[in-house]
Amino acid sequence: MASVTLKNVSKAFGAYDVIRSINLEIEDGEFMVFVGPSGCGKSTLLRLIAGLVPVSEGDVFIGGEQVTDVPASKRGLAFVFQSYALYPHMNVSRNISFALETARLGKDEIRRRVTKVAEMLKISHLLDRRPRQLSGGQRQRVAIGRALVGEPEVFLFDEPLSNLDADLRMEMRFEIVKLHGDVKTTMIYVTHDQTEAMTLADRIVILNQGRIEQVGRPRELYDRPANRFVAGFLGSPRMNFAPLDRAASSAGVLRGVGGFYHAAELAGAENPTEIGLRPEALKLVSAETKGAICGTFERMEDLGYEYVCYVRLSETLVWTVRSTGRPPAFTEGQPVGLGWQPESLYLFGEDGRRIDHDSAVQLASGASL
Amino acid sequence: MSAAERMQRQQNRTAWLFLLPLIIALVGVAIWPLTRSIFFSFTDAFLDAPANYGFVGIDNFITVAEDPVFWRAVKNTLFFTVISVGLETLLGLAIALLLHRAFVGRGIVRAAILVPWAMPMVVSTRIWEWMLNDQFGLINKLFVTLGLVEKGIAWTAEPTLILYTVIFIDVWVTTPFMVLLILAGLQLIPEEIYEAAEVSGVPHWKRFWSITLPLATPAIGVAMLFRTLDALRMFDLSYVLAANNENTMTMSIYARDQLISFQDLGLGSAASTWVFMIIGLIAIAIVGVLRLDRATG
């Protein structure tokens, strides 16, 4: 087991900067998830840690030791690939034991380890099969087994569940959590799926265009996103944003599209330019309700356990509302109000950073509207 | 007849219709000549009057089998095949492994390596014949200048050397073919398999022996099969270099000599049939071995 530290790590492919000066500390035994939109550099970052790709600048430390120039084969890590990358010509047993053949272990020790790992992952009955005779979920178990058997310092997962169907993905997610609980090894997990990120991680790193947007515990990122990007990235459907009307707003009094009105005491002298409200923080109310944001009802998606409504606030702006229970009986084009609680309001400045505000003040002024 | 049966029958008829052009072509260029050849091998026909023949049973086959020149040709052919295909495979694998790595100018090198294969065999042979000439040849000139030999070596005239010269030229011409086929096989192996092995600490040599080689084996096997069958019926190279010199005579040249030089249609056909049978047996054996590999490896 080991910690992983990145110091000013950058990577460029030709003139294209993929990773831009990243500093990150991953603690020993931690489950860290890298998440971000495609092309954000999350897989490259994982490969830099693995040593499969050399860094352009900066240093990588594993267990406190500098490994920047140490080849991948000597870093003591294990890597699980999205494509599983099993050896197609070897059976499951040999797939798992292959790397041990040159590790100066006795035959009995190898067999003992393979048996143990196979039992742990419930693949003992598959040991004689070839990869092509296995289902996707079984292949992924073998790939994890192959990673486990070497008793690595750090596990690296590169979108390991992306090729599985939804049910299996959920099951494997659960198994990976359990596995981390059992082996307590440091795990770094790359995904584009925010559900995986939220459910697996001790801490999440949100990446965008090769930079870290925010690092923190899942709940922390969800409740207190550092900026507009993080706020928009986590949550499904994503957070609703709307620009503020700069001309009509003054210090402490914010006005925006759909009759939005809010008097807030802002921390510092920052001037918000945009508001954000999560779909689950909104409630469909009648158009006349005081303090509600006004729009017209567009359409509704009933998912059974919840429903999502689309409300048009302006020509270019459609907000979503998510709620559980019986879907409301609005018709298309009908004027509708969006009720919201001041404490669920997010404010963003010109540079996209979130601005803290004291929502208690708003309650009084909202009532007087 | 049910509707399903009718549909099945209709589909079968369509399938045969699609196959018809191929069947006609095969009968025209392979089956008919082959049958004629085998037919003539049981007769005493001569090339100037093939309509005028009588049956002689298996006399022709016995004559060929009792001819030491034929067995000399078989020996030459087998020796040539084993050594040249062996060298081409080793060289082909080595060059393919080099070309498989990414480096600047790889595209140009890949195209350039095809040049020997793109040239007609007759042209290549003549080029090498001149380069290897004992008096005027470039190679001998080089050797003499470097002080390696005192006077030019008669590569294409010395009986003990000439078969090796034939092998050398064949290796030069057909190694690119091997390279391309093996390279295609190597490129089918996913990069991530190597990365997986690398991260788990498997050393380079082990990655080669236990991953590259077994996964490239089908491609190498098919390439060897093609080259072996090609080499077994080799004619042009030996013929251009040394005509019917016994030291380089192949089975095909022997058959051609009987048929064309001696005008003996019956004997020539019998020799051709022998060649056909020998190559056929070897082909079946190789395919069998390849299948076996696929099942157990």
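Residues numbered from 1 in each chain as written. Chains lettered and ligands numbered in written order. Predicted model: local features only at pLDDT ≥ 70, side-chain atom pairs only at ≥ 80, totals over all residues.

## What to know about the overall build of chain B
Along its length, chain B carries 13 helices and zero strands. From first element to last, N terminus to C terminus, chain B shows the α and β order α-α-α-α-α-α-α-α-α-α-α-α-α. Its C-alpha atoms give chain B a radius of gyration of 25 Å, more than 25% over the compact-globule value 19 Å for 297 residues. Oriented by its inertia axes, the alpha-carbon framework of chain B measures out at about 85 × 70 × 30 Å. Each of the 297 residues in chain B was classed as buried or not, and the buried ones make up 30%. Put simply, of all contacts in chain B between residues at least 6 apart along the chain, 70% involve residues at least 24 apart. (Helix = DSSP H or I, 4+ residues; strand = E, 2+ residues; numbered from the N terminus. Rg over C-alpha atoms; globule rule 2.2 N^0.38 Å. Buried ≥ 20, exposed ≤ 12 C-beta atoms within 10 Å, placed from the backbone. Contact = placed C-beta atoms within 7 Å.)

## Focus on the domain arrangement of chain B
Looking at chain B, the domain boundaries give domain 1 (1-31) and domain 2 (41-296). Taking only C-alpha atoms, the centre of domain 1 of chain B and the centre of domain 2 of chain B are 38 Å apart. (Domains from an automatic or database assignment.)

## Describing the sheet that holds strand β8 (residues 186-191) of chain A
Residue and element names in this part refer to chain A. Read across the sheet, six strands follow the order β6-β7-β8-β3-β9-β10 without closing on themselves; strand pairing throughout is mixed. One side of each edge strand has no neighbouring strand; the edge strands of this open sheet are β6 (77-80) and β10 (211-216). Adjacent strand axes in the sheet meet at a mean angle of 15° when their direction is disregarded. (Pairing = 2+ DSSP bridges. Axes fitted to C-alpha atoms, helices over the stretch in contact; angles between N-to-C directions.)

## Let's talk about the interface of chain B and chain A
It is common to give the size of an interface as the accessible area that goes away when the parts come together. Facing the 16 residues of chain B at the interface are 18 residues of chain A. Counting residues per element, the ones that place at least two in the side of chain B that touches chain A are α9 (191-199) and α10 (204-232) of chain B. Residue composition of the side of chain B that touches chain A, by class: nine nonpolar, three polar and four charged. (Nonpolar A, V, L, I, M, F, W, Y, C, P; charged D, E, K, R; others polar.)

## Points about the nonpolar core
One finds Phe79(A), Leu156(A) and Ile188(A) to be the most contacted residues of the largest nonpolar core, which totals 104 residues. Looking at which element gives the most residues to this core, the answer is helix α4 (residues 136-149) of chain A, with six residues. When near neighbours in sequence (up to four residues on either side) are disregarded, Ile188(A) contacts Val4(A), Ile26(A), Met32(A), Phe34(A), Leu46(A), Ile49(A), Val154(A) and Leu156(A). One finds Trp155(B), Leu183(B), Leu232(B) and Ala242(B) within the second-largest nonpolar core, a separate group that totals 27 residues. (Core = buried A, V, L, I, M, F, W, Y, C linked by C-beta atoms within 7 Å.)

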